[in-house]
Amino acid sequence: MAYLVLSIYVATAFLALYEKYLGKYRMFIYWIIGVILILVAGLREVGIDPDSANYEYTYQNIDNLKSGTVEYSYIFLSQIFSHITSDVHILFLFYAFFGVGLKMFAITKFEKTVFLPLLIYISYYYVTHECMQIRTGILSGIMLLAIIAMGEGEKKRAFMLLLIGSLFHMSALILFPMLFMSNKEMTHKQKMIWGSVIPAGYVLSIMGFAIIMNLPFEIPYVSDKLALYQAATEKGIGDFASVNIFSPLQLATIALFYYLFYFQDTILRYNKFYPILMKLFACGVSAYALFSFFPVFAQRINMLLQAVTIILFADIYHTINPRWASITIISILGLLYLNYSLPDIGLDLFWKV
């Protein structure tokens, strides 16, 4: 599977380089790749990634599942599909269809060039969301659509989208504050404030900032999920044991944030959603440091909010000439992130820390 994803990545990189020559076949090829991505994620071998075996066990034992341990939509869908087949791949295909489909549809609304953001998506979020965090995979697609609604001044539509997203994963709750964010071009003062969000998160983290997660009252469902996350942290399950806020990947992400921040005026000419995308990007990076004492929580928030990089990293295209050079640089950048996602499905490209 990993070699197949790598092959799709390389093919998409070439398509990005020659996109303007594809003419009327451009969107047809784009959606053909989408179908392939859905089938690869939906039909993947159980056990090839860290989470699929757990999904299969939950799916096949859904009637014995303790209430509050998984989203109600997952239980509902599992109960329906289990009457059709005991094969969990039917569920994988459902989540892949909407996870891939919603994000690819959103890309067409954000950008005139579609293969560059698709390239960034494949490099990291495809494996992470469509092959592992499948419920969040649908939510991240809905989040991108909600951002479009926000940018068009339709906050009610954005609210309804986030409400639907919350049915698929509880982390949608952290997205509702974005309804109060503005998509207007940032003033000099606002640039100073948003440019300071990431350093502030790191300073507070280094100073030992912590929020008490043991609330004096129970929040139905949310408290159960937080308890599960905390248990995963304490047991050191997978990547939940700790986070490295100074990892090469994290530092590269921060550098890219400030690069994009510097070219605000240029990018705004091509991407009218840039302000709200960058605000969510800043919040995601800052949250990773701020909640590093609770690793799984930090990762969940960071991964969800930083889905905006699918669009933003592709905007590097507008900051470098000639265009072939910008596409080449973005493709190499994607390889860096691919290096961190492919090991989750069994392939180490280079080294990572």
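Below or above, wherever it landed, is the structure these notes cover. Positions within a chain are numbered from 1, following the residues in the order the chain's sequence is written. Local features in this predicted model are restricted to residues of pLDDT 70 or higher, and side-chain atom pairs are both shown and tallied only at a pLDDT of 80 or more, whereas totals for entire chains, interfaces and linings draw on every residue. As a convention, hydrogens and water are excluded, and side-chain values are obtained from all of the structure's heavy atoms.

Patches draw on residues past 30% relative accessible area with no salt bridge. Two like charges within 9 Å are joined, as are two nonpolar side chains (Val, Leu, Ile, Met, Phe, Trp, Tyr) within 5 Å. A 1.4 Å probe and the Shrake-Rupley method give the accessible areas. Residues count as covered only by the protein chains that appear here. When a carboxyl oxygen of Asp or Glu is within 4 Å of a side-chain nitrogen of Lys or Arg, the pair counts as a salt bridge. Residues Val 10, Phe 14, Tyr 18 and Tyr 21 make up a contiguous nonpolar surface patch of about 460 Å² in total accessible area. With respect to the helices and strands, the residue Tyr 21 is situated in the loop between helix 1 (2-17) and helix 2 (26-42). Exposure categories follow from relative accessible area, calculated using a 1.4 Å probe and restricted to protein chains: below 20% of the type maximum is buried, above 50% is exposed, and the middle band is partly exposed. The class of Tyr 21 is exposed, set by a relative accessible area of 60%. Strands are runs of DSSP state E lasting at least two residues, helices are runs of H or I lasting at least four, and both sets are numbered from the N terminus onward.

Further remarks concern the pattern of salt bridges. Following the criterion strictly, the structure yields 5 salt bridges and no others. Between Lys 103 and Glu 130 there is a salt bridge, and its shortest N-O distance comes to 3.3 Å. With Lys 103 in helix 5 (residues 89-110) and Glu 130 in helix 6 (residues 115-130), this pair connects stretches of sequence that are 27 residues apart. The same class applies to Lys 103 as to Glu 130, namely buried. Within the structure, one salt-bridge network assembled from shared partners comprises Glu 152, Glu 154 and Arg 157.

What follows is about the packing of aromatic side chains. Pairing of aromatic rings covers Phe, Tyr and Trp, the last through its six-membered ring, and needs centres within 6.5 Å; plane angles under 30 degrees mean stacked, over 60 mean edge-to-face, and all others mean tilted. Enumeration according to the criterion identifies 27 aromatic pairs in this entry. By way of ring pairs, the aromatic residues Tyr 55, Tyr 74, Phe 81, Phe 92, Phe 94, Tyr 95, Phe 97, Phe 98 and Phe 168 are connected into one cluster. Looking at Arg 44, its charged tip hangs above the ring of Phe 92, at a distance of 4.1 Å from the centre. Taking the ring centre of Tyr 317 as reference, the NZ or CZ of Arg 323 above it sits at 5.0 Å. In our convention, an over-ring charge means Lys NZ or Arg CZ found within 6 Å of a ring centre and within 35 degrees of that ring's normal.

Before going further, it helps to examine the side chain of Gln 306. Along the polypeptide, Gln 306 turns up in the loop between helix 15 (295-305) and helix 16 (309-312). Contacts were defined at the residue level, with two residues in contact if any of their heavy atoms lie within 4.5 Å. Non-local contacts of Gln 306, meaning those with residues more than four positions away in its chain, are made with Tyr 125, Thr 253, Phe 281, Gly 284 and Val 285.

As a rule of thumb, non-glycine residues mostly have phi less than zero, and peptide bonds are mostly trans rather than cis. A cis geometry characterises the amide bond from Asn 321 onward to Pro 322, with omega recorded as -5 degrees. Relative to the elements of secondary structure, Pro 322 occurs in the loop between helix 16 and helix 17 (323-341).

Before going further, it helps to examine helix 14 (residues 274-290). What a helix is expected to span follows from its residue count: subtract one and scale by 1.5 Å. With 17 residues, helix 14 extends 24 Å from end C-alpha to end C-alpha; this agrees with the ideal 24 Å at 1.5 Å per step. The buried fraction of helix 14 amounts to 16 of the 17 residues, a majority that puts the element mostly inside the structure.

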